[in-house]
Amino acid sequence: MFGGMSVNRFKNASGMLVILNVLFFAAMSIFSPRGIGNFVYCKTLIPISVAKYLLFGAQVGVIVSRCGEWFRLFTAMFVHGGLLHLLFNMYALYYLGNLVEYTYGIWRFLVFYFASGFIGNVATQIFYSSSISLGASGAIFGLAGVLLSAGFRSDTPIFLRPYTGAALLPMIIFNIIYGFIPGSGINNAAHIGGLLTGMIFGYITRVPYHSNVSVKELLFRMRYKDFWTNPWYRNLRREFLWFLTGLIFVIMVTVSFILLIPASVRMLSAIKGW
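Summarised in this report is the structure supplied together with it.

## Structural notes on the layout of surface pockets
- Considered as a void within the structure, the largest pocket measures approximately 830 Å³ in volume.
- In terms of lining residues, the largest pocket is bounded by 38 residues, among which His 85, Asn 89, Ser 137, Ile 186 and His 191 are the most central.
- Every element with two or more residues in the lining of the largest pocket is listed here: α5 (83–104), α6 (106–127), β4 (132–133), α7 (137–150), α8 (169–179) and α9 (188–204).
- Top contributing element to the lining of the largest pocket by residue count: α5, with eight residues.
- Here the lining of the largest pocket is composed, by residue class, of 21 nonpolar, 17 polar and no charged.

Here it is as structure tokens:
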């Protein structure tokens, strides 16, 4: 509940993402190699202590570049380094995710989330190529960026003002500054990359009047011969493009996890060989 707005809590996309992240963390905690020492994977010496993160999709720049495991730029969003890391990120995802999804609709939300997380991980690949990176914070910062920029658009509805714009600046500034403190262990490349991506989306995307047009309705309307030419269907055409883009991101994330499976098998073989 956000003011006068009600949401479906865990019955929507943001809620499902929270559940998936929790299940992923539970699986990683149960099925993970234990031991001491190192092993070699992709011509890289890796401590066994971090193997469980890599097996479930964490990102290390040298592995991505040497072995072409680009899929880790997506899978790393679902891996967390500890219970506190998971709880903090899931609380933020639950709050910001529900608000963004309620406001912009499921497909815009998915585009904002995955695009911000991906760009944040690309920034990590550039600036922290030798470090392990994991977590959903880049994508979550993207959601914060969307709401930050939305507060400075003149057409943003009044009911959104308390949750957008300058209201988010203290939280954003604190987290960015804290990330620059030596020893914090925070990946500010992902945070800033995700934030800037979200800010761009928030600036160029207006809040739709009808944020939850069903896929069934879109497909039905597309059967009309003048769907792509009639000005009356301009908003529906825009919704279809958001649906298509969101669907592409969902497919890319799914394919990334499929590609992770043989990579994890190879890594397990490398660990056993050690």
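## Comments concerning the state of the cysteines
- Considering all chains together, one arrives at one disulfide under this definition.
- For Cys 42, the disulfide goes to Cys 67, at an S-S distance of 1.7 Å. Here Cys 42 and Cys 67 share a disulfide; its torsion about the S-S bond, -135°, makes the bridge left-handed. Separated by 25 residues along the polypeptide, Cys 42 in the loop between β1 (38–41) and β2 (44–47) and Cys 67 in helix α3 (residues 61–67) bring together distant segments of the chain.
- A relative accessible area of 35% places Cys 67 in the partly exposed class.

## A closer look at the nonpolar core
- Core analysis: the largest hydrophobic core is formed by 68 residues, its most contacted members being Leu 93, Phe 109, Tyr 113 and Phe 114.
- Among the elements that make up this core, the one with the highest residue count is helix α11 (residues 234–273) (10 residues).
- When residues no more than four places from it in sequence are discounted, the contact partners of Phe 109 are Ala 13, Ser 14, Leu 17, Leu 93, Gly 97, Val 100, Glu 101 and Leu 143.

## So, the packing of α8 against α9
- Packing of α8 against α9 brings their axes to within 9 Å, and their N-to-C directions diverge by 150°. Considering the angle they form, α8 stands roughly antiparallel to α9. At the point where α8 passes α9, the crossing takes the left-handed sense. Contacts between α8 and α9 involve Ile 172, Asn 175, Ile 176 and Gly 179 from the former and Asn 188, His 191, Ile 192 and Leu 195 from the latter.

Scoring rules and cut-offs
- Counting restarts for each chain, with residues numbered from 1 along the sequence as it is written.
- Reporting in this predicted model follows two pLDDT cut-offs: at least 70 for local features of residues, and 80 or more for side-chain atom pairs to be given and counted; totals over whole chains, interfaces and linings ignore these cut-offs and use all residues.
- Excluded from the side-chain calculations are hydrogens and water; all other atoms, namely the structure's heavy atoms, are used.
- Cavity: a set of points on a 1 Å grid over the protein atoms alone where a 1.4 Å probe fits but cannot get out. Pocket: an open set with protein on both sides within 12 Å along at least five of seven lines, its lining residues, like those of a cavity, having an atom within 4 Å of a point.
- Grid points are joined across faces, edges and corners, and a volume is the space filled by probe spheres set on the points.
- Numbering of helices and strands runs from the N terminus, with a helix taken as a DSSP run of H or I at least four residues long and a strand as a DSSP run of E at least two residues long.
- Ten residue types, Ala, Val, Leu, Ile, Met, Phe, Trp, Tyr, Cys and Pro, are classed as nonpolar, four, Asp, Glu, Lys and Arg, as charged, and the remainder, Gly among them, as polar.
- Criterion for a disulfide: a pair of cysteine sulfur atoms at a distance within 2.5 Å.
- Under the scheme applied here, a residue whose accessible area is under 20% of the maximum for its type counts as buried, over 50% as exposed, and between as partly exposed, the area being computed with a 1.4 Å probe on protein chains only.
- Within this scheme, the nonpolar core is defined by two criteria: the residues are buried Ala, Val, Leu, Ile, Met, Phe, Trp, Tyr or Cys, and they are joined through side-chain atoms within 4.5 Å.
- The contact rule is simple, with two residues in contact once any of their heavy atoms fall within 4.5 Å.
- As a rule, the C-alpha atoms of each element are fitted with a line to give its axis, helices using only the stretch in contact, and angles between N-to-C directions run from 0 to 180 degrees.
- An angle below 35 degrees is treated as roughly parallel, one above 145 as roughly antiparallel, one from 65 to 115 as roughly perpendicular, and anything else as oblique.
- Rotating anticlockwise by less than a right angle from the far helix to the near helix defines a left-handed crossing, while the corresponding clockwise rotation defines a right-handed one.

Any functional reading would require information beyond the geometric quantities listed.
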